[in-house]
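# Survey of secondary and tertiary structure
Residue strings, one per chain:
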Amino acid sequence: MVTTDVRRVERALSEVDFPANKDDLVRCATDAKADEDTVRALRAIPPVAYANMTEVLQSVTLDDGRTEAQRMAQSRDHAHPGVAERDREVPPNPIVAELGENRDS
């Protein structure tokens, strides 16, 4: 997995005019002589129009110092935008999983 950090993305895209699509972002980063990891991370984002830097940072895989296990735990528990809570998969209650029932509910 290719990662970069917020500071490197912001530096690479300091000259971009939003809204911008993926190709514009990659071209801007290349023109700004961004490091290869940052350019590859931008190439890996979805090909949509980005309205601002916040949207770009939400799509780029960022290296934030977390371990692989911590990143995987967040991806399991992540609430996807546009998915109602009632439609999300919720893990079973541990009491129900072990005993087959929850006596106090």
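Scope of this entry: the structure provided in the associated data block. (Residues numbered from 1 in each chain as written. Predicted model: local features only at pLDDT ≥ 70, side-chain atom pairs only at ≥ 80, totals over all residues. Heavy atoms only, no water.)

## Brief notes about the environment of Arg8
Rules: For helices the rule is a DSSP run of H or I covering at least 4 residues; for strands it is a run of E covering at least 2, with both sets numbered from the N terminus onward. By definition, residues are in contact when any of their heavy atoms lie within 4.5 Å. In protein, a polar contact requires one atom able to donate a hydrogen and another able to accept it; more generally it is a pair of N or O atoms within 3.5 Å, and residues adjacent in sequence count only if both atoms are side-chain atoms.
Among the structural elements, Arg8 can be located in helix α1 (residues 6-12). Ignoring sequence-local partners within four residues, the contact set of Arg8 consists of Thr3, Asp35, Asp37 and Thr38. A polar contact of 3.4 Å, which involves the side chain of Arg8, links it to the side chain of Asp35.

## Thoughts on the side chain of Lys22
Note the following rule: Burial status follows relative accessibility: with a 1.4 Å probe on protein chains alone, a residue under 20% of its type maximum counts as buried, one over 50% as exposed, and anything between as partly exposed. In this tally, Lys and Arg are treated as positive and Asp and Glu as negative; His is ignored, and so are the chain termini. Any Lys or Arg side-chain nitrogen located within 4 Å of an Asp or Glu carboxyl oxygen qualifies as a salt bridge.
Looking at the element boundaries, Lys22 is found in helix α2 (residues 22-31). Despite its burial, Lys22 pairs with no opposite charge, the nearest such side chain being Asp23 at 6.1 Å. There is a polar contact of 3.3 Å between the side chain of Lys22 and the backbone oxygen of Ile45. When near neighbours in sequence (up to four residues on either side) are disregarded, Lys22 contacts Leu42, Arg43, Ile45, Pro46, Pro47 and Val48.

## Side note on the environment of Val56
Relative to the helices and strands, Val56 resides in helix α4 (residues 53-59). The class of Val56 is buried, set by a relative accessible area of 0%. Considering only alpha carbons, one finds Val56 and Lys22, 34 residues apart in sequence, at a separation of 9.1 Å. Once residues within four sequence positions are removed from consideration, Val56 is found in contact with Val9, Leu13, Phe18, Leu25, Leu42 and Tyr50.

## Re the pattern of salt bridges
Per the counting criterion, the structure on display carries 5 salt bridges. Of the charged contacts, one joins Arg8 and Asp5 as a salt bridge, the two residues approaching to 3.7 Å between their closest N and O atoms. Measuring nitrogen to oxygen at the nearest pair gives 3.4 Å for the salt bridge that ties Asp35 to Arg8. Taken together, the residues Asp35 in the loop between α2 and α3 (36-43) and Arg8 in helix α1 connect sequence positions 27 residues apart. Among the charged side chains, a network of salt bridges with common partners joins Asp5, Arg8 and Asp35.

## Description of the nonpolar core
Just so we agree on the cut-off: Remark: nonpolar core denotes a set of buried residues (Ala, Val, Leu, Ile, Met, Phe, Trp, Tyr, Cys) joined through side-chain atoms within 4.5 Å.
By size, the foremost hydrophobic cluster in this structure holds 18 residues, and its most contacted members are Val9, Leu13, Leu25, Leu42, Val56 and Val60. Those elements that provide at least two residues to this core are α1, α2, α3 and α4. In this structure, Val60 is in contact with Thr4, Val9, Ala41, Leu42 and Ile45, ignoring residues within four places of it in sequence.

## Looking at α2
Note the following rule: Here, the arc refers to the directions that run from the helix axis to the C-beta atoms.
The complete set of buried residues in α2 reads Lys22, Leu25, Val26, Cys28 and Ala29. Buried residues of α2 fall within an arc of 160 degrees about the axis and therefore sit on the same side. Exposed residues pointing more than 90 degrees away from the buried face of α2 are listed as Asp23 and Asp31. Near the N-terminus of α2, the side chain that reaches the backbone nitrogen of Asp23, with its oxygen 3.1 Å away, is that of Asn21. Following α2 by one or two positions, Lys33 has its phi on the positive side, about 60 degrees.

Functional significance is not addressed by these values, which are geometric in nature.
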